[in-house]
Every structure is written in structure tokens, then in C-alpha cells.
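Okay, here's what each chain looks like letter by letter:
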Amino acid sequence: ITDDALSDTTGEQARALYLAMIDAIYSQLRRAVVDHVAPIQDFATTLTVFVANPTGVAAMQIGSGIIVSRRQNGDYSLLFSDATQARHDERGYITDRAEADRMRVSVQDGPVAFLCAASAPLDRLSIRRRDGAPQKDFFRPLDRYASTAPDDVEVHRGIRTFLRSDRVHGRLDQDVAM
């Protein structure tokens, strides 16, 4: 993805790239079905993709989950503002017909200091119900792990510790991805 696509705040350039990517993914899914790997329903999942560089972030999602960002010295914000409004089953999956119609694209210009993509089960712990805003107390520890760890191994260790904590794991009834 080019800097131009990230600076295109309409998201049209990023949308075109993501449509091409979806076509390639769906082609591989059809091939797996034809090769009798599994029925198409077995591949039903959310697809979340983002690209970040110093000029901004472009994100795409089919399905549910959240992407939260924070600019330098800024507050946490959702890349997709409807994260808590639609029911998860209404957002569809990559295997649905007309999946491109369910695709959401968001482009945020400017450098980002923190970026977090998380699966739907974390919505209820990380997003305030009353206004749909990210909960600072949820994201601040993750932000701290990412910004202060000396290397990727420590970042991942901090995230695993956070997800396995009673504060998070004890309140979830299904697997999560972050």
C-alpha cells in the first residue's frame, strides 16, 4: 500500500487494494473447497487487515472485532466507530456472498503511537457501552508493554500475561485474538 493510499482519507485507494486482496483470498477458499479440504462454512471467519506507516493507518474489516489507535499524546480511538452498534452476526464473514459489501474501510492520517486489533469477545471488556469509546484502563497496560519492552519477545510476553490475567481471561467465555 502506498503513502498515497494512506493519505486518501476517502479510503477509495485502500478499498481498491482490499477488494483485490479479498478476491485472492476467496479464490484460495474456493480452491480448498474444490480440493475437498473442507466445506466453505468451515472457513467462516472475520478478516481484519491493517497497514500502518509513518503517514497513517489504513484498515479493512469483514466481520467483527475492533481496531484501536492512539496518536502521540492523544486519546485512544476506534478506527471503526460502529464497533459496538451492530450485532456480530450481522457483520458477516469472509465466506459470505457479497462479502465486499460488508467490508468496512477506515483511513487515519498521521503517525500512530499505538495500534491494537482484537477479536470480538474483547469488545465487552474494552469498549464502554454507554458511548462506544475505548476504555483507557484496558488499553493503557497494552500500550505500556508495546512502548517499553526492549524487544518483540517482551511485547508478546506482556500481551500474553495481560490476556491470561483474571481481569481479562476470567471474564471471557471463548478464545480471543489480539
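This is a predicted model, so every value here is computed, not measured.

1. Observations regarding the overall build of the chain
Okay, step 1: The secondary structure content of the chain amounts to 5 helices and 6 strands.
Okay, step 2: Scanning the chain from its N terminus toward the C terminus, one meets helices and strands in the order α-α-β-β-β-β-β-β-α-α-α.
Okay, step 3: Buried positions account for 39% of the 178 residues belonging to the chain.
Okay, step 4: A fraction of 66% describes how many contacts in the chain between residues 6 or more apart in sequence connect residues 24 or more apart.
Okay, step 5: Element-wise, carbon and sulfur atoms account for 48% of the exposed surface of the chain, whose accessible area totals about 10300 Å².

2. Describing the environment of M103
Okay, step 1: If you trace the backbone, M103 turns up in the loop between β4 (76-78) and β5 (104-109).
Okay, step 2: Using a relative accessible area of 7% as the deciding quantity, one classes M103 as buried.
Okay, step 3: When neighbours within four sequence positions are excluded, M103 is seen to be in contact with R15, Y18, L19, I22, M60, Q61 and I62.

3. Let's talk about the packing of aromatic side chains
Okay, step 1: This model, assessed by the stated rule, comprises 5 aromatic pairs.
Okay, step 2: Considering the side-chain rings of Y76 and F114, the 5.6 Å spacing of their centres and the 85° angle between planes classify their relative orientation as edge-to-face. Of the two residues, Y76 is situated in strand β4 and F114 in strand β6 (residues 114-118); the sequence distance between them amounts to 38 residues.
Okay, step 3: Ring centres 6.4 Å apart and planes at 65° place the aromatic pair F114 and F139 in the edge-to-face group.

4. Side note on the confidence of the model for the chain
Atom-level detail of predicted coordinates should not be read off regions where pLDDT is low.
Okay, step 1: Chain-level statistics for the chain give a pLDDT mean of 85 and a share of 89% at 70 or above.
Okay, step 2: The least confident element of the chain is helix α1 (residues 3-7), whose mean pLDDT is 60; the most confident is β4, at 95.

5. Quick word on helix α4 (residues 136-148)
Okay, step 1: Helix length check: α4 (13 residues) gives 17 Å between terminal C-alpha atoms against 18 Å at 1.5 Å per residue, within 8%.
Okay, step 2: Those residues of α4 that sit buried are F138, F139, P141, L142 and D143.
Okay, step 3: On its buried face, α4 sits against β3 (66-70), β4, β6, α3 (123-126) and α5 (152-164).

6. A short note on the sheet that holds strand β2 (residues 56-62)
Okay, step 1: Taken together, 3 strands build an open sheet; the order of strands is β1-β2-β5 and the sheet is antiparallel. Only two strands of the sheet have a single partner each, and these edge strands are β1 (47-53) and β5. Ignoring strand direction, the axes of neighbouring strands in this sheet form an average angle of 10°.
Okay, step 2: Two elements, β1 and β2, share 7 bridges in a ladder whose sense is antiparallel. Within β2, the position partnered with A52 by the bridge is V57.

7. Here we look at the packing of α4 against α5
Okay, step 1: For the pair α4 and α5, interaxial distance at closest approach is 8 Å and the crossing angle is 160°. Looking at the two axes, α4 sits roughly antiparallel to α5. As α4 runs across α5, the sense of the crossing is right-handed. Each of F138, P141, L142, Y145 and A146 in α4 lies in contact with α5, whose residues at this interface are V155, G158, I159 and F162.

8. What to know about the nonpolar core
Nonpolar side chains tend toward joint burial in soluble globular proteins.
Okay, step 1: Ranked by size, the top nonpolar core spans 17 residues in total, and within it I66, L122, F138, F139, L142 and V168 carry the most contacts.
Okay, step 2: At the level of secondary structure, the elements contributing two or more residues to this core comprise β3, β4, β6, α4 and α5.
Okay, step 3: Setting aside anything within four residues of it in sequence, one finds V168 in contact with L122, L125, F138, F162 and L163.
Okay, step 4: Within the second largest apolar cluster, 13 residues are counted, among which are A14, Y26, V49 and M60.

9. Digging into a positive patch on the surface
Okay, step 1: Taken together, the side chains of R124, R129, R167 and R171 define a basic patch exposed on the protein surface.
Okay, step 2: Relative to the helices and strands, R124 is located in helix α3.
Okay, step 3: Owing to a relative accessible area of 40%, R124 belongs among the partly exposed residues under this scheme.

Rules and cut-offs
Residues numbered from 1 in each chain as written. Predicted model: local features only at pLDDT ≥ 70, side-chain atom pairs only at ≥ 80, totals over all residues. Heavy atoms only, no water. Helix = DSSP H or I, 4+ residues; strand = E, 2+ residues; numbered from the N terminus. Buried < 20%, exposed > 50% of the residue type's maximum accessible area, 1.4 Å probe, protein only. Contact = heavy atoms within 4.5 Å. Areas by Shrake-Rupley, 256 points an atom, 1.4 Å probe, with all protein chains shown as cover. Phe/Tyr/Trp six-rings, centres within 6.5 Å; stacked < 30°, edge-to-face > 60°. pLDDT = per-residue confidence, 0-100. Expected span 1.5 Å × (residues − 1). Pairing = 2+ DSSP bridges. Axes fitted to C-alpha atoms, helices over the stretch in contact; angles between N-to-C directions. Parallel < 35°, antiparallel > 145°, perpendicular 65-115°, else oblique. Left-handed = near helix turned anticlockwise from the far one by under 90°. Core = buried A, V, L, I, M, F, W, Y, C linked by side-chain atoms within 4.5 Å. Patch = residues over 30% accessible without salt bridge, like charges linked within 9 Å, V, L, I, M, F, W, Y side chains within 5 Å. Salt bridge = Lys/Arg side-chain N within 4 Å of Asp/Glu carboxyl O. Lys, Arg positive; Asp, Glu negative; His and termini not counted. Charge placed at Lys NZ, Arg CZ, Asp CG, Glu CD.

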